[in-house]
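Listed below are the residues making up each chain.
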Amino acid sequence: MSRSAHPAGPRHADVLPEGHYSAPPTDLNALDPKVWARTVRRDERGVATVGGLGVDALAEEFGTPAYFLDETDFRARCRAWAEAFGKDADVFYAGKAFLSRAIVRWLKEEGLNLDVCSGGELSTALSAGMPAERIAFHGNNKSEDEIRRAVEAGVGRIVLDSFQEIVRVAHIAQSLGKRQRVQIRVTVGVEAHTHEFIATAHEDQKFGIALAGGQAAEAVRRALTLDGLELIGIHSHIGSQIFDMAGFEVSARRVVQLLAEVRDEHGVELPEIDLGGGLGIAYTSEDDPREPHEIAKALSEIVTRECEAAGLRTPRISVEPGRAIVGPTAFTLYRVGTVKPLEGLRTYVSVDGGMSDNIRTALYDAEYSVSLVSRTSEAEPMLSRVVGKHCESGDIVVRDAFLPSDLAPGDLIAVPATGAYCRSMASNYNHALRPPVVAVSDGEARVIVRRETEEDLLRLDVG
Ligand code: LLP
């Protein structure tokens, strides 16, 4: 993740500290389309716009901090994934990245399926009319109540994560007189090149059943004997924010090997494999993500080749991108409150949000970009750290970035690529009010998740 520690070119201090930053960008006013949502640009005044609406007017109407989500971009990304994978594969949007009823409706309209991982996500999906058969239900410790609701609703698949759950789901399905379609989640033993907390295919972690030691084969054996279950395939998710396809290649190969073993032992060819999500996006201009069509081509070639080698019919493939669909489509808009230059170090820019609306920097050391968006500036770049208003020195939104040195209280700055895992992981730390999500499209903006109010907080506090 680290970048070269060295700045060249104009700067605000004589000595610049070590840090994760590269040279200041040549044009601080440029909004790199790699990291900004598709319809973001600057108008003739120099104000950034999304869907044709200026961020100054948006801040006026909806307040700050707020997430602005480019609906046009979201829908275009859904279509790109659906088209890339075609009719012989299924794309499940991973709702954990960000879910709301508007999102569910867009997914439904654009032909995507939905992966949920809690009763709350399941209710959101069903309440917005996602057909149950297009829902996959995940989780390493689904409660009996959650399982019952999912089976009753008729979800398309439940992804089984442990030996106990195999029995639990079978029992519940049988008691409801149903046969539930299931997949078994396996851990394939791949080290994904990503942060430890978001890598999930190595064996020493809580998800899935290991291929190693024949455990996954044993899980298949048990699932095949239970009347309440219809085993439709094997699932593997290797981690998140991954750029290198090599991990998926190993994962697909090992999953296909298991399919071959199952065929040899039981005479059954499981019809589906799910390779999970985890495809990386650009948080800064230095990240180079793959396009959906490249990913689809790579995955289908690997699976087809491995199946041919094993003499298996090619199974139906599914994938579960969350971040790669919603991540790039939103930015967080903040208003600058204070600007505090620390001589020889950097300038601390405090905004009206922080770790309560973006915990990823503190939790994963994630890197983000940031730009002044309420105007352009020709001032020199200043090495900055964007921090929030919480009582914690780790309350950092953007660790190292260059902003113009005439930045002042009242300016609007925005952090791009915050569509995934920011609102969904937001908290009320220090009784912060979680920001709204505002969808913008073709000159119209509407709130899809409203801002929390102090009444919301007090309503939960029953005294
Ligand atoms: N499928 C399964 C089974 C998953 O566990 C996940 C993510 C996904 C799909 C979607 O992964 P994506 O395409 O969004 O990377 N909070 C962390 C990410 C945790 C991801 C957990 N599972 C972050 O902010 O980076």
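Heads up: these notes are all about the structure in this document. (Residues numbered from 1 in each chain as written. Predicted model: local features only at pLDDT ≥ 70, side-chain atom pairs only at ≥ 80, totals over all residues. Heavy atoms only, no water.)

## Focus: the overall build of the protein chain
(1) Moving on: When you go through the protein chain residue by residue, the secondary structure sums to 12 helices and 21 strands.
(2) Moving on: Relative to the compact-globule value of 23 Å for 463 residues, the protein chain shows a C-alpha radius of gyration of 23 Å, a close match.
(3) Moving on: Dimensions of the protein chain along its principal axes, counting C-alpha atoms only, are 70 × 50 × 40 Å.
(4) Moving on: Relative to its full complement of 463 residues, the protein chain shows a buried share of 57%.
(5) Moving on: Within the protein chain, contacts between residues separated by at least 24 positions form 70% of all contacts whose residues are at least 6 apart in sequence.
(6) Moving on: Carbon and sulfur atoms make up 48% of the accessible area of the protein chain, which totals about 19,200 Å².
(7) Moving on: The average position of the 51 basic charges and that of the 69 acidic charges among the side chains of the protein chain differ by 3 Å. (Helix = DSSP H or I, 4+ residues; strand = E, 2+ residues; numbered from the N terminus. Rg over C-alpha atoms; globule rule 2.2 N^0.38 Å. Buried < 20%, exposed > 50% of the residue type's maximum accessible area, 1.4 Å probe, protein only. Contact = heavy atoms within 4.5 Å. Areas by Shrake-Rupley, 256 points an atom, 1.4 Å probe, with all protein chains shown as cover. Lys, Arg positive; Asp, Glu negative; His and termini not counted. Charge placed at Lys NZ, Arg CZ, Asp CG, Glu CD.)

## Looking at the site of the ligand
(1) Moving on: Within the structure, the ligand sits among 19 residues, and S240, G278, E320, R360 and Y421 are positioned closest to it.
(2) Moving on: Between G278 and the ligand, the recorded distance is 2.8 Å, taken from a backbone N or O atom to an oxygen atom.
(3) Moving on: At 2.8 Å from an oxygen atom of the ligand is found a main-chain nitrogen or oxygen belonging to R323.
(4) Moving on: Starting from 580 Å² of accessible surface for the ligand in isolation, the protein chains cover 91%.
(5) Moving on: Its residues assigned to classes, the shell around the ligand comprises 6 nonpolar, 7 polar and 6 charged. (Near = heavy atom within 4 Å. Polar contact = N/O pair within 3.5 Å; in protein donor to acceptor, adjacent residues only side chain to side chain. Nonpolar A, V, L, I, M, F, W, Y, C, P; charged D, E, K, R; others polar.)

## Here's the deal with the pairing of strand β18 (residues 396-404)
(1) Moving on: Counting buried residues along β18, 8 of its 9 residues qualify, which places the element largely inside the surrounding structure.
(2) Moving on: One ladder, built from 6 bridges, connects strand β17 (residues 381-387) with β18; its direction is antiparallel. Residue pairing across strands places L383 opposite F402, the latter belonging to β18. (Pairing = 2+ DSSP bridges.)

## Examining unusual backbone geometry
(1) Moving on: Cis geometry marks the peptide bond from T64 to P65, where omega comes out at -10 degrees.
(2) Moving on: As for its placement among the helices and strands, P65 is situated in the loop between α1 (55-62) and β4 (66-70).
(3) Moving on: You will see that Y421, though not glycine, has its phi angle at about 60 degrees, which is positive.
(4) Moving on: Mapped onto the fold, Y421 is located in the loop between β19 (412-416) and β20 (437-441).

## Observations regarding the pairing of strand β15 (residues 347-351)
(1) Moving on: Here β15 shows a buried face lined by T347, V349 and V351 and an unburied face lined by Y348 and S350.
(2) Moving on: Where strand β14 (residues 330-341) lies against β15, 5 bridges are found, and the strand directions are antiparallel. By the bridge assignment for β15, V339 is matched with V349.
(3) Moving on: In this antiparallel pair of consecutive strands, β14 and β15, the connection spans 5 residues, and G344 shows a positive phi of 80 degrees.
(4) Moving on: Two elements, β15 and β17, share 4 bridges in a ladder whose sense is parallel. If you follow V349 over to β17, its bridge partner there is V386.

## A look at the side chain of S371
(1) Moving on: On the secondary structure map, S371 appears in strand β16 (residues 371-372).
(2) Moving on: Discounting residues that sit within four places of it in the chain, S371 has contacts with A30, L31, W36, L403, L412, I413 and A414.

## Considerations on the pattern of salt bridges
(1) Moving on: Counted by the stated rule, this structure contains 34 salt bridges.
(2) Moving on: Here E109 and R75 are joined by a salt bridge, their closest N and O atoms 2.8 Å apart. Here R75 lies in helix α2 (residues 71-85) and E109 lies in helix α3 (residues 101-109), a separation of 34 residues in the sequence.
(3) Moving on: Using a relative accessible area of 52% as the deciding quantity, one classes E109 as exposed. (Salt bridge = Lys/Arg side-chain N within 4 Å of Asp/Glu carboxyl O.)

## Some details on the nonpolar core
(1) Moving on: Counting residues in each nonpolar core, the largest one holds 109 residues, and the members touching the most others are F74, Y93, I158, I184 and I413.
(2) Moving on: Each of domain 1 (13-70 + 328-458) and domain 2 (138-321) accounts for three or more of the residues forming this core.
(3) Moving on: Ranked by size, the runner-up nonpolar core spans 22 residues in total, among them V35, L58, F331 and L412. (Core = buried A, V, L, I, M, F, W, Y, C linked by side-chain atoms within 4.5 Å. Domains from an automatic or database assignment.)

## A few points about helix α7 (residues 215-225)
(1) Moving on: Every buried residue of α7 is accounted for by A216, A217, A219, V220 and A223. Taken end-on, α7 shows its buried residues confined to a sector of 155 degrees, consistent with a single buried face.
(2) Moving on: Those residues of α7 that are buried lie in contact with α6 (163-175), β9 (180-187), β10 (209-210), β11 (229-235) and α8 (246-266). (Arc of directions from axis to C-beta.)

## Some points on the packing of α2 against helix α9 (residues 292-310)
(1) Moving on: Put simply, α2 and α9 touch, their axes get as near as 8 Å, and they point 25 degrees apart. Taken together, the axis directions place α2 and α9 in an arrangement best described as roughly parallel. Regarding α2 and α9, the two cross each other, and that crossing is right-handed. Contact with α2, carried on its side by A80, W81, A84 and F85, involves P292, H293, I295, A296 and L299 of α9 and no other residues of that element. (Axes fitted to C-alpha atoms, helices over the stretch in contact; angles between N-to-C directions. Parallel < 35°, antiparallel > 145°, perpendicular 65-115°, else oblique. Left-handed = near helix turned anticlockwise from the far one by under 90°.)

## Notes on the packing of aromatic side chains
(1) Moving on: By the definition in use, this model includes 7 aromatic pairs.
(2) Moving on: With a centroid separation of 5.8 Å and 35 degrees between ring planes, the pair formed by F68 and F331 is classed as tilted. Taken together, the positions of F68 in strand β4 and F331 in strand β14 put the pair 263 residues apart, joining distant regions of the chain. Of the two residues examined, F68 and F331, each falls in the buried class.
(3) Moving on: Aromatic side chains Y283 and Y368 sit 5.0 Å apart centroid to centroid with 75 degrees between the ring planes, which places their arrangement in the edge-to-face category. Linking Y283 in the loop between β12 (272-274) and α9 with Y368 in the loop between α11 (360-364) and β16, this pair joins segments that are 85 residues apart in sequence. One exposure class covers both Y283 and Y368, and it is buried. (Phe/Tyr/Trp six-rings, centres within 6.5 Å; stacked < 30°, edge-to-face > 60°.)

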